[in-house]
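# Reading the structure
Each chain is listed here by its residues.
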Amino acid sequence: MPVDSLMKKAYSEIYDNPDNTIKIGKNLLKKDNDINTSIRIYMLLSTANIAKRNFDESLKYILKAKELSQKTNDAKNQASVLIAVAIQYQQMELFSKSLETLNEADLYLAKIAKNSPEKYIETARSYAIRGMIYKSQSNSEIALEKFLISLQNFEKVPLKKTTYSNVSVVYYNIGYCYLNLNQIDNAQKAFLQSINYAQKNHAKSLEAFALKGMAEMYKQKREYQTAVNLLQKAENLSKNTGDIVLNEGIYKEMSDNYLALRKQDLYQLYNKKYYEMRFKRKENELTSINQVIDNHNKDTSIKNKEIKSNYTYLMIISSVISVIIIGVFLYLILKIKKQNKKYQREIQHIIRAS
């Protein structure tokens, strides 16, 4: 099967069967690929591992994609990879690192042709990440502004399956912003849109996320049984995804609603599941953060070497210039002294002659 067909199949299963996506991606890496194809495969593997919340593996692959992209002059590729790196940092809650990477990506976005689909898509992704960061920091109003700009950019290109997933994620986050702002009707509309776009791409995990959002909305309205019904559907949809964060969220909501319904046994069951998922997520995050620190130290070491090299070079240049300047001064001093002696002789000659 051609590489493009395998990539298409891998991307179609990225949310619902990430293990198969990873298997396809690893097999593709064994082939003799050009640099751009290798970048796409590394990004595919990174995204699939994010879907599993395996941040350690995800970070490893996205940094390889970044390393390769720096060897190309393709602004679109470089922007796309940097935005993927920013997503990685955002998922790990390293928000300042994510924003720093997005600012770097903006430099490449500026080089992409105006009104091109690639520019709109990457700009939309960039604003979506910024929105998620503000939402995580409880700045729902600012987050909402970013998400709406993201949607506006997505709407400027013909939507396709991969874009449906992105739009579903944006609407899901918009739903939570409205929920935090206590705008229940707007939240419901956004969650329904999220479900709609998830179903268009058969993305079960994204549909499950949106259903979880709807359940939280009904919990706020104290309609606990309706919330449980939606969460049961979400749990069923998420069975094969291996998404730790999704399962953690579903189990927490289940335990909260069963507690409100005074179903003690079910509350204890899902509360236990929630803490197990929470512990697993924290464990993954700690491993990944250690890798981020290692990579940061490597980057710092490289920069220090560059600074040291530049400093040595500057010192050599400064020394050469200093020697030249001193040489010129000595030459001028000697020349002036020689001229002064000549003038003295001429003056003495004139005095004797008079």
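Since the structure is predicted, the reported quantities are computational estimates derived from the model, not experimental observations.

The rules we used
Residues numbered from 1 in each chain as written. Predicted model: local features only at pLDDT ≥ 70, side-chain atom pairs only at ≥ 80, totals over all residues. Heavy atoms only, no water. Helix = DSSP H or I, 4+ residues; strand = E, 2+ residues; numbered from the N terminus. Buried < 20%, exposed > 50% of the residue type's maximum accessible area, 1.4 Å probe, protein only. Contact = heavy atoms within 4.5 Å. Axes fitted to C-alpha atoms, helices over the stretch in contact; angles between N-to-C directions. Parallel < 35°, antiparallel > 145°, perpendicular 65-115°, else oblique. Left-handed = near helix turned anticlockwise from the far one by under 90°. Nonpolar A, V, L, I, M, F, W, Y, C, P; charged D, E, K, R; others polar. Expected span 1.5 Å × (residues − 1). 1 Å grid on protein atoms, 1.4 Å probe; cavity = no way out; pocket = protein on both sides within 12 Å on 5 of 7 lines; lining within 4 Å. Points joined across faces, edges and corners; volume = space filled by probe spheres on them.

### Concerning the overall build of the protein
Each helix and strand counted, the protein has 14 helices and 0 strands in total. The order of helices and strands in the protein, counted from the N terminus, is α-α-α-α-α-α-α-α-α-α-α-α-α-α. When burial is assessed residue by residue, the protein has 44% of its 354 residues classed as buried. When contacts within the protein are restricted to residue pairs at least 6 apart in sequence, those whose partners lie at least 24 apart make up 62%.

### Some thoughts on the packing of helix 7 (residues 117-136) against helix 9 (residues 161-180)
The interhelical angle for the contact between helix 7 and helix 9, taken along N-to-C directions, is 30°, at an axis separation of 11 Å. Classed by the angle they form, the pair helix 7 and helix 9 counts as roughly parallel. For the element pair helix 7 and helix 9, the recorded crossing hand is left-handed. Counted together, Ala128, Met132 and Lys135 of helix 7 and Val169, Val170, Asn173, Tyr176 and Cys177 of helix 9 form the full contact between these two elements. Looking at the contact of helix 7 with helix 9 residue by residue, the class counts come to 6 nonpolar, 1 polar and 1 charged.

### Section: helix 12 (residues 224-237)
Across its 14 residues, helix 12 extends 20 Å between first and last C-alpha, which sits within 8% of the 20 Å expected from 1.5 Å per residue. Where helix 12 is concerned, the buried positions are Ala227, Val228, Leu230, Leu231, Ala234, Glu235 and Leu237.

### Some words on the environment of valine 157
Locating valine 157 in the fold gives a position in the loop between helix 8 (140-154) and helix 9. You can call valine 157 buried: its relative accessible area is 6%. Between the C-alpha atom of valine 157 and that of lysine 119, which follows or precedes it by 38 residues, the distance is 9.8 Å. Excluding its chain neighbours within four sequence positions, the residues that come into contact with valine 157 are Pro117, Tyr120 and Ile121.

### Examining empty space enclosed by the protein
Throughout the structure, instances matching the rule amount to 1 cavity of 30 Å³ or more. Here the largest cavity defines a volume of roughly 40 Å³. Around the largest cavity, the lining residues are Tyr11, Ser12, Glu13, Ile14, Tyr15, Asp16, Asn201, His202 and Ala203. Considering only residue class, the lining of the largest cavity consists of 4 nonpolar, 3 polar and 2 charged.

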